[in-house]
Amino acid sequence: MLTDATNIVTNRTPAVIGRSVPWCRVISMAQKMAPLQMPVLITGQSGVGKEVIAQILHHWSEREGRNFIPLNCGLLQDQLLESELFGHRKGAFTGATHDHDGLFQATNDGTLFLDEIGELTASCQAKLLRVLETGEYRPLGSTTIKRTHARIIAATHRDLEKMISQGRFRQDLYYRLNVLTIDIPPLNQRVEDIPLLVDFFLQQPLGNAPRPTITEDAMQQLMAHHWPGNVRELKNVVERLRVHCEQEIGAAHITTMLDGYPIDSTETAASGFSHVMPLAQLEKQYVEWVLEQCKGNVSKASKALAVSRTTIYRILKSVEN
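Just so it is clear, the model here is predicted, and its values are computed rather than measured.

J.: Hey, could you run me through the nonpolar core in this one?
T.: The nonpolar side chains of soluble globular proteins are, as a tendency, buried together. Grouped together as the largest cluster of nonpolar side chains are 30 residues, with contacts concentrated most on Phe104, Leu114, Ile117, Leu128 and Phe169. Within the residue set of this core, elements represented by two or more residues are strand 2 (68-72), helix 3 (78-86), helix 4 (103-107), strand 3 (111-115), helix 5 (122-134), strand 6 (151-156), helix 6 (160-165) and helix 7 (171-177). The dominant element in this core, judged by the number of residues it contributes, is helix 5, at five residues. In contact with Leu114, other than residues within four places in its own chain, are Leu71, Cys73, Leu85, Leu128, Ile152, Ile153, Ala154 and Ala155.

J.: I keep staring at the packing of helix 3 against helix 5 and nothing clicks. Help me out?
T.: Two numbers describe a pair of packed helices, the interaxial angle and the distance between the axes. Following both chains from N to C, one finds helix 3 and helix 5 inclined at 15 degrees, their axes separated by 10 Å at the closest point. One finds that helix 3 runs roughly parallel with respect to helix 5. Like other packed secondary-structure pairs, helix 3 and helix 5 cross with a definite hand, here right-handed. When helix 3 is examined against helix 5, the residues Asp78, Leu81, Glu82 and Phe86 are found in contact with a partner set consisting of Ser123, Cys124, Lys127, Leu128 and Val131. Tallied by class, residues from the contact of helix 3 with helix 5 come to five nonpolar, one polar and three charged.

J.: In this structure, what is going on with a nonpolar patch on the surface? I would like to understand it.
T.: Taken together, the side chains of Leu36, Met38 and Val179 make up a nonpolar region of the molecular surface, amounting to roughly 210 Å² of accessible area. Among the secondary structure elements, Leu36 is positioned in the loop between helix 1 (21-33) and strand 1 (40-43). The class for Leu36 is partly exposed, based on a relative accessible area of 34%.

The rules behind these values
Residues numbered from 1 in each chain as written. Predicted model: local features only at pLDDT ≥ 70, side-chain atom pairs only at ≥ 80, totals over all residues. Heavy atoms only, no water. Core = buried A, V, L, I, M, F, W, Y, C linked by side-chain atoms within 4.5 Å. Buried < 20%, exposed > 50% of the residue type's maximum accessible area, 1.4 Å probe, protein only. Helix = DSSP H or I, 4+ residues; strand = E, 2+ residues; numbered from the N terminus. Contact = heavy atoms within 4.5 Å. Axes fitted to C-alpha atoms, helices over the stretch in contact; angles between N-to-C directions. Parallel < 35°, antiparallel > 145°, perpendicular 65-115°, else oblique. Left-handed = near helix turned anticlockwise from the far one by under 90°. Nonpolar A, V, L, I, M, F, W, Y, C, P; charged D, E, K, R; others polar. Patch = residues over 30% accessible without salt bridge, like charges linked within 9 Å, V, L, I, M, F, W, Y side chains within 5 Å. Areas by Shrake-Rupley, 256 points an atom, 1.4 Å probe, with all protein chains shown as cover. Salt bridge = Lys/Arg side-chain N within 4 Å of Asp/Glu carboxyl O.

Given below as structure tokens:
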């Protein structure tokens, strides 16, 4: 059984949204690299859309229709991460009560996307290097050597060359992963993409949330914002606006949202209180709202949010009441 850190994607066409010159360059590079069998390293700040580009590389390759499996390397501890990647045999470690096929076997001849590759421990780095060099791996607790034909796409927001100089990342692994590279610019360097992204997010299903229009002034405010959280932050803001604005999103709504005020509290806004709510708290409140719309049905909320039940429970517990 795959953990919460993974999600198998098959035959899902990724949305390619943007018209700015920097974004078009990224897409052009992806088109050229997709048919190749070599590893790709995707770099860029958190939230810029690295997984979207990984999906595009998979979709435009001959592996389309086969498994695309993303794994966030920063979400699992060392032994669990190795088990998730390479599998394990019963009794390999405490808690290993049955055999488990890893992601390399599950991917088969599809694409394995290793997000946050900079978080890999030294042990995992060594084992991943062997896979890249020979296509071979050994499940934990097993003497059997297995082979994989998966294409590996890795991503990171970290400076791997700096990590190499600090002794935190293997130079030989970096060279194996960095055969082809795509660097995604932050959202504030591709402002022209914001109206298209906002329109896309407004059109997506979101439980029973309405699909309001947005005024030109409001859009200009969104385009003027710095967006340190990039596309992920923009998506979060648009979804929260949809919760509170049934018909039209105006400039006042944007000001309130970006200043960190509760958008439905005129009393708080009038007081001049400018405390910015932590992102984790905003995420928790949004999940609680979706659960309310789903009448407490976690399975329905999980489907609406496109995340696992485990993720929902984790978010709800992430902020102390």
